[in-house]
Amino acid sequence: VITATADLSITKTDGVTNVNQGDALTYTIVVSNAGPSAVTGATVTDNFPANITPGAWTCAASAGASCAASGTGNLNTTVDLPSGGTATFT
């Protein structure tokens with residue numbers, strides 16, 4: 001019996017060190033699968049703190065990967081990633 005094994009990781013950055021009240025921010029969340037197996041239906045969740053108003057998000061998937069193209073508010077979706085695949089949420 002061969003057990004499928006995926007090695008998932010997430011990085012999240014906004015690329016800034018200081019923020020002023022009222023400024024708009026853009027976060028980038030990258031979900032990666034180092035393999036060796038593909039993963040189907042992995043949940044990706046990012047809830048904003050109560051004092052931050054979430055906006056719209058988009059997702060771009062690498063070849064062979066898939067994710068919801070866009071959404072609004074807190075991030076709560078799934079991704080399918082082959083070994084070496086990524087999904088980038090902005």
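The coordinates are above.
So, here's what we can say about the structure. Numbers given to residues run from 1 along each chain, matching the order in which its sequence is written. A pLDDT threshold of at least 70 governs which residues receive local features in this predicted model, and a stricter bar of 80 or more applies before side-chain atom pairs are shown or counted, although totals over entire chains, interfaces and linings include all residues. Side-chain descriptors were evaluated using all non-hydrogen atoms of the structure, hydrogens and water having been removed beforehand.

Structural notes on the state of the cysteines
Structurally, a disulfide amounts to a covalent bond that connects the sulfur atoms of two cysteines. Heads up, the rule is: Disulfide: a pair of cysteine sulfur atoms within 2.5 Å of each other. Each residue gets one of three labels from its accessible area relative to the maximum for its type: buried under 20%, exposed over 50%, partly exposed in between, using a 1.4 Å probe on protein chains only.
Going through the model one piece at a time under the given rule, you end up with one disulfide. The disulfide bridge from cysteine 59 ends at cysteine 67, spanning 2.0 Å between sulfur atoms. On the sign convention where negative is left-handed, the bridge of cysteine 59 and cysteine 67, at about -105° about the S-S bond, is left-handed. Of the two residues, cysteine 59 and cysteine 67, neither departs from the other in class, the shared state being buried.

Topic: the pairing of strand β2 (residues 28-33)
The condition is simple: What counts as a helix is a DSSP run of H or I of at least four residues, what counts as a strand is a run of E of at least two, and both are numbered from the N terminus. Between any two strands, pairing holds if DSSP finds at least two bridges.
Here β2 shows one buried face, formed by Ile29, Val31 and Asn33, and one open face, formed by Thr28, Val30 and Ser32. Here six bridges tie strand β1 (residues 8-13) to β2, and the two strands are oriented antiparallel to one another. Residue lysine 12 lies in a different strand from β2, and its bridge partner there is isoleucine 29. Sheet topology places β2 next to strand β8 (residues 86-89); four bridges connect them, and they run antiparallel. Within the sheet, the bridge partner assigned to valine 30 lies in β8 and is threonine 88.

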